[in-house]
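# Secondary and tertiary structure notes
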Amino acid sequence: MGLLDGALGDALGSAMGGAGKPGEAGNLQGMLGGLLGQLGGGTGKSGALLATVMTLVQRNGGIEGILARFRASGMGDAVDSWVGTGANAPVSGAQVTQVLGESTVSEMAGQLGTDSAQASDSLASMLPELINQLTPNGKVPANSGDLLSHAMAMLR
């Protein structure tokens, strides 16, 4: 984990009042660092992707809103796996575009400087893990909106 990753994780832990001590199932302190590490070690591009995806989640009603949209599109089993404690079921870029709409994916692509196909594929790979990390212990925490806002502020 790089310096940026550790700093983001520490800042997230502080913002959440120290919630999630190392080794606990609900460890949210290192969430951003872990996600950035999976995306390429905290590079500017991976941080931009994570910030864009988190903004997208927030604009769509937060965790609950995104989950509801996927459930309404017949993908309840997939999103339930993201929230649950087991393995995350994959979704395709085409499924993400179906749920969120072409205009939303195109907007995201523009923000990332890529095409819509790449943006939807990136979102399809990032979204399950983001939701998984934001839903410790297999459920959406009561403070999920605050957590998302604090994490987004740190990425800016």
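Residues numbered from 1 in each chain as written. Predicted model: local features only at pLDDT ≥ 70, side-chain atom pairs only at ≥ 80, totals over all residues. Heavy atoms only, no water.

In this section: the confidence of the model for the protein. Here the protein averages 76 in pLDDT, and 66% of its residues register 70 or above. Confidence over residues 1-29 falls short of pLDDT 50; this stretch has 47 contacts with residues more than four positions distant or in other chains. (pLDDT = per-residue confidence, 0-100. Contact = heavy atoms within 4.5 Å.)

Between helix α4 (residues 62-72) and helix α6 (residues 93-100), the least distance of the axes is 9 Å, while the angle of their chain directions is 105°. The angle between α4 and α6 falls in the class roughly perpendicular. The residues of α6 that touch α4, namely those facing I66, R69 and F70, are V96, V99 and L100. Residues that form the contact of α4 with α6 fall into these classes: five nonpolar, no polar and one charged. (Axes fitted to C-alpha atoms, helices over the stretch in contact; angles between N-to-C directions. Helix = DSSP H or I, 4+ residues; strand = E, 2+ residues; numbered from the N terminus. Parallel < 35°, antiparallel > 145°, perpendicular 65-115°, else oblique. Nonpolar A, V, L, I, M, F, W, Y, C, P; charged D, E, K, R; others polar.)

Tracing the backbone shows L127 in helix α8 (residues 116-134). Between the alpha carbons of L127 and I66 there is a distance of 9.7 Å; along the sequence they are 61 residues apart. Here L127 is in contact with V53, V57, I66, F70 and W82, once residues within four sequence places are set aside.

Quick look at the packing of helix α7 (residues 102-112) against α8 now. Viewed as axis vectors pointing N to C, α7 and α8 meet at an angle of 95°, and their least axial separation amounts to 8 Å. Relative to α8, α7 is oriented roughly perpendicular. Of the residues in α8, those in contact with V105, S106, M108 and A109 of α7 are S116, A119, S120 and L123. Among the residues making up the contact of α7 with α8, the classes are represented as five nonpolar, three polar and no charged.

Side chains bearing opposite charge may pair, as long as their charged atoms lie close to each other. This model, assessed by the stated rule, comprises two salt bridges. Two residues, R59 and E107, come together in a salt bridge whose shortest N-O distance is 2.9 Å. With R59 in helix α3 (residues 44-59) and E107 in helix α7, this pair connects stretches of sequence that are 48 residues apart. Residue R59 is classed as exposed on the basis of its relative accessible area of 57%. (Salt bridge = Lys/Arg side-chain N within 4 Å of Asp/Glu carboxyl O. Buried < 20%, exposed > 50% of the residue type's maximum accessible area, 1.4 Å probe, protein only.)

Right, let's talk about the environment of V83 for a bit. The topology assignment puts V83 in helix α5 (residues 76-83). The spatial distance from the C-alpha of V83 to the C-alpha of L130 is 9.7 Å, given a sequence separation of 47 residues. The residues touching V83, leaving out its near neighbours within four places in the chain, are L67, I131, T135, G138, K139 and V140.

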